[in-house]
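Residue-level structure breakdown
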Amino acid sequence: MSHLALLRHGHTEWNRAGRIQGRSDIPLDNEARADLAGYRLPSPWDGADLWSSPLARARETAALVAGREPQLAPELTEMNWGDWEGQRGVDLIADPQSGYRHIEDWSWEFRPPNGESPAELWQRVAAWLNRIERDSVAVCHIGIMRVILAKAWGWDFDGPAPFKIKRNRLYIVDPDRMRPEPEPVRLLTGDAP
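Residues numbered from 1 in each chain as written. Predicted model: local features only at pLDDT ≥ 70, side-chain atom pairs only at ≥ 80, totals over all residues. Heavy atoms only, no water.

Secondary structure assignment for the protein chain yields 6 helices and 9 strands. At 16 Å, the protein chain has a C-alpha radius of gyration in line with the 16 Å of a compact globule built from 193 residues. The C-alpha extent of the protein chain, read off along each of the three principal axes, is 50 × 40 × 25 Å. Looking at the protein chain alone, contacts between residues at least 24 apart form 67% of all its contacts between residues at least 6 apart. Accessible area for the protein chain stands at about 9400 Å²; split by element, carbon and sulfur atoms hold 46% of it. Across the protein chain, the centroid of the 24 positively charged side chains sits 2 Å from that of the 29 negatively charged ones. (Helix = DSSP H or I, 4+ residues; strand = E, 2+ residues; numbered from the N terminus. Rg over C-alpha atoms; globule rule 2.2 N^0.38 Å. Contact = heavy atoms within 4.5 Å. Areas by Shrake-Rupley, 256 points an atom, 1.4 Å probe, with all protein chains shown as cover. Lys, Arg positive; Asp, Glu negative; His and termini not counted. Charge placed at Lys NZ, Arg CZ, Asp CG, Glu CD.)

Encoded structure:
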């Protein structure tokens, strides 16, 4: 039985500005690089297969915390936000004509204009999950993590999520049974074991 540990990439300038990144290939900012250089994967995850979204912010996060290059999985590319990509969520929510909604009001079928729904995202991620044969760490994006954790927790994007995705933590899921570990595992700091 294999397990999957999900890790969100470090900050970018767009994250800090509240802009929706989606598939835009925005790199880590210098503060994130410096911060991530002080973290490492805890055992046994330091010996697990290492996967990443092909986007630079995820690839670089993986290399920094694992000390090695990840295998790339296009299925782990962030959700396609379509016409909303590059815009600020606060601006979209302030415009009632935009159609933008808070995540608690989405549903699996919620789709940004010219974008991708959580259900469509799940279809591409599920195919990748079915190929995992060993314990694996996947460095990816909040949208990817949301759909995997939503399935594992049985959450339908209706009301508050039963999980909160924070940086520098591993969210563990048993992909065979789609069951989550209740608490995330913190990355280690410093050089000593």
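Picking up where we left off.
Looking at the largest pocket, its volume works out to about 710 Å³. By residue number, the principal contributor to the lining of the largest pocket is helix H6 (residues 142-153), which donates 3 residues. Residue composition of the lining of the largest pocket, by class: 11 nonpolar, 9 polar and 8 charged. (1 Å grid on protein atoms, 1.4 Å probe; cavity = no way out; pocket = protein on both sides within 12 Å on 5 of 7 lines; lining within 4 Å. Points joined across faces, edges and corners; volume = space filled by probe spheres on them. Nonpolar A, V, L, I, M, F, W, Y, C, P; charged D, E, K, R; others polar.)

Turning to the pairing of strand E3 (residues 49-52), a few remarks are in order. Taking every second residue as pointing to the same face, both faces of E3 are buried, with Asp49 and Trp51 on one and Leu50 and Ser52 on the other. Across 2 bridges, E3 lies against strand E4 (residues 71-72) in parallel orientation. Paired with Ser52 across the bridge in E4 is Leu72. (Buried < 20%, exposed > 50% of the residue type's maximum accessible area, 1.4 Å probe, protein only. Pairing = 2+ DSSP bridges.)

What follows is about the nonpolar core. Of all hydrophobic cores here, the largest spans 39 residues; its most connected members are Leu6, Trp128, Leu129 and Ile148. Elements with a minimum of two residues in this core: strand E1 (4-8), helix H5 (118-129), strand E5 (136-140), H6 and strand E6 (169-174). In this structure, Ile148 is in contact with Leu4, Leu6, Trp122, Val125, Leu129, Val173 and Met178, ignoring residues within four places of it in sequence. Trp45, Ala58, Val65 and Val139 belong to the second largest nonpolar core, which has 18 residues in total. (Core = buried A, V, L, I, M, F, W, Y, C linked by side-chain atoms within 4.5 Å.)

Throughout the structure, instances matching the rule amount to 10 salt bridges. Put simply, Arg124 and Glu116 hold a salt bridge, and the shortest N to O gap is 2.9 Å. Overlapping salt bridges, with partners in common, bring together Arg16, Asp29 and Glu31 in one network. (Salt bridge = Lys/Arg side-chain N within 4 Å of Asp/Glu carboxyl O.)

In this fold, Ser117 is placed in the loop between helix H4 (89-94) and H5. Looking at Ser117, the relative accessible area reads 0%, which means it is buried. Residues Ser117 and Asn168, 51 residues apart in the sequence, show an inter-C-alpha distance of 26 Å. Setting aside residues no more than four positions away along its own chain, Ser117 makes contact with Trp108, Glu109, Phe110 and Arg111.

Now for unusual backbone geometry. Following Ser43, the chain continues into Pro44 via a peptide bond in cis, with omega recorded as 5 degrees. Relative to the helices and strands, Pro44 resides in the loop between strand E2 (39-40) and E3. Despite not being glycine, Asn114 shows a phi value in the positive range, around 60 degrees. By the element assignment, Asn114 lies in the loop between H4 and H5. Even without a glycine there, the phi angle at Met178 is positive, about 50 degrees.

What follows concerns the packing of H5 against H6. It is at 10 Å that the axes of H5 and H6 come closest, and there the two elements cross at 80 degrees. Considered as vectors, H5 and H6 are oriented roughly perpendicular to each other. Residue-level contacts link Pro118, Leu121, Trp122, Arg124, Val125 and Leu129 of H5 to Gly143, Ile144, Val147, Ile148 and Lys151 of H6. Grouping the constituent residues of the contact of H5 with H6 by class yields 8 nonpolar, 1 polar and 2 charged. (Axes fitted to C-alpha atoms, helices over the stretch in contact; angles between N-to-C directions. Parallel < 35°, antiparallel > 145°, perpendicular 65-115°, else oblique.)

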